[in-house]
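The residues making up each chain are set out below.
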Amino acid sequence: MTGPSLRQLHAHHAIHQGGLSGAVAKTEEVEKLLELHELEIARQAADHLVEYWETRILSHAEAEEEGFYPEMAANHPGLQDAVTKLTRDHELLRTIVTDIKSMLSEDGLTPEVLQQFHALLVVNAIHSRDEERLLLEEPSL
Ligand SMILES: [Fe+2]
Ligand SMILES: [Fe+2]
């Protein structure tokens, strides 16, 4: 979707906020279930959280790379560098999600998996902040 929503700071920020707060809540849910020793349900919640990252966050990244990013770079050639950096952030998110999936299938829901879920939250928050700043708040280049 390269709808106008991605080009508008307020709407795009709302997409980022919604995605992030859902991921934070679902991560906390996994941790709470682990504390309660509900191991099987925690594992299901972790699988659900992976799915959430794929369908909410990675699909948003894909939509940006298909429409919004090339459009911004074409309209503002000075933004090509920013687009390249932001695309690398997306790659990091994809790599972490892929790693989580193989860790989950090989060793189950370990503390290392939880660390990677937190890494996703951090990388994604920084990425969204930079994306809004570079492409939507000061796209004068
Ligand atoms: Fe993005
Ligand atoms: Fe975005």
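Further up the page is the structure itself.
Residues numbered from 1 in each chain as written. Chains lettered and ligands numbered in written order. Predicted model: local features only at pLDDT ≥ 70, side-chain atom pairs only at ≥ 80, totals over all residues. Heavy atoms only, no water.

When its secondary structure is counted, the protein chain shows five helices and zero strands. Judged by the C-alpha coordinates and their principal axes, the protein chain covers about 55 × 25 × 20 Å. Residues classed as buried in the protein chain amount to 38% of the 141 residues present. Within the protein chain, counting contacts between residues at least 6 apart in sequence, those at least 24 apart form 76% of the total. For the protein chain, the accessible area works out to roughly 7700 Å², and carbon and sulfur atoms hold 54% of it. (Helix = DSSP H or I, 4+ residues; strand = E, 2+ residues; numbered from the N terminus. Buried < 20%, exposed > 50% of the residue type's maximum accessible area, 1.4 Å probe, protein only. Contact = heavy atoms within 4.5 Å. Areas by Shrake-Rupley, 256 points an atom, 1.4 Å probe, with all protein chains shown as cover.)

Let's shift gears to the coordination of the iron ion (ligand 1). The coordination sphere of the iron ion (ligand 1), as far as protein atoms go, consists of Glu64 (OE), His90 (NE2), His127 (NE2) and Glu131 (OE), spread over 2.1 to 2.2 Å. Coordination at the iron ion (ligand 1) is irregular, judged from the four donor atoms that bind it and the angles of 82 to 162° they form at the metal. On the basis of relative accessibility, which here comes to 1%, the residue His90 falls in the buried class. (Donors = N, O, S within 2.8 Å, 3.2 Å for Na, K, Ca; no water. Tetrahedral: all angles 85-135°; square planar, octahedral: opposite > 155°, others 65-115°.)

Here we come to empty space enclosed by the protein. Within the structure shown, the criterion is met by one cavity of 30 Å³ or more. The space that makes up the largest cavity amounts to roughly 100 Å³. What lines the largest cavity is a set of 14 residues, and nearest its centre among them are His16, Ile57, His60, Asn124 and Ser128. Of all the secondary structure elements, the ones that give two or more residues to the lining of the largest cavity are helix 2 (9-35), helix 3 (39-75), helix 4 (80-107) and helix 5 (111-137). Broken down by element, the residue count for the lining of the largest cavity peaks at five residues, all from helix 3. Its residues placed into classes, the lining of the largest cavity shows four nonpolar, seven polar and three charged. (1 Å grid on protein atoms, 1.4 Å probe; cavity = no way out; pocket = protein on both sides within 12 Å on 5 of 7 lines; lining within 4 Å. Points joined across faces, edges and corners; volume = space filled by probe spheres on them. Nonpolar A, V, L, I, M, F, W, Y, C, P; charged D, E, K, R; others polar.)

On to the coordination of the iron ion (ligand 2), then. Summarising the metal site, the iron ion (ligand 2) is bound by the protein donors His12 (NE2), His16 (NE2), His60 (NE2), Glu64 (OE) and Glu131 (OE), whose distances to it range over 1.9 to 2.2 Å. Linear spacing of the donor residues for the iron ion (ligand 2) on their chain is H-x3-H-x43-H-x3-E-x66-E. A separation of 3.6 Å is found between the iron ion (ligand 2) and the iron ion (ligand 1), which share Glu64 as a coordinating residue. One end of the pair, His16, is in helix 2; the other, Glu131, is in helix 5, with 115 residues separating them in the sequence. Using a relative accessible area of 7% as the deciding quantity, one classes His16 as buried.

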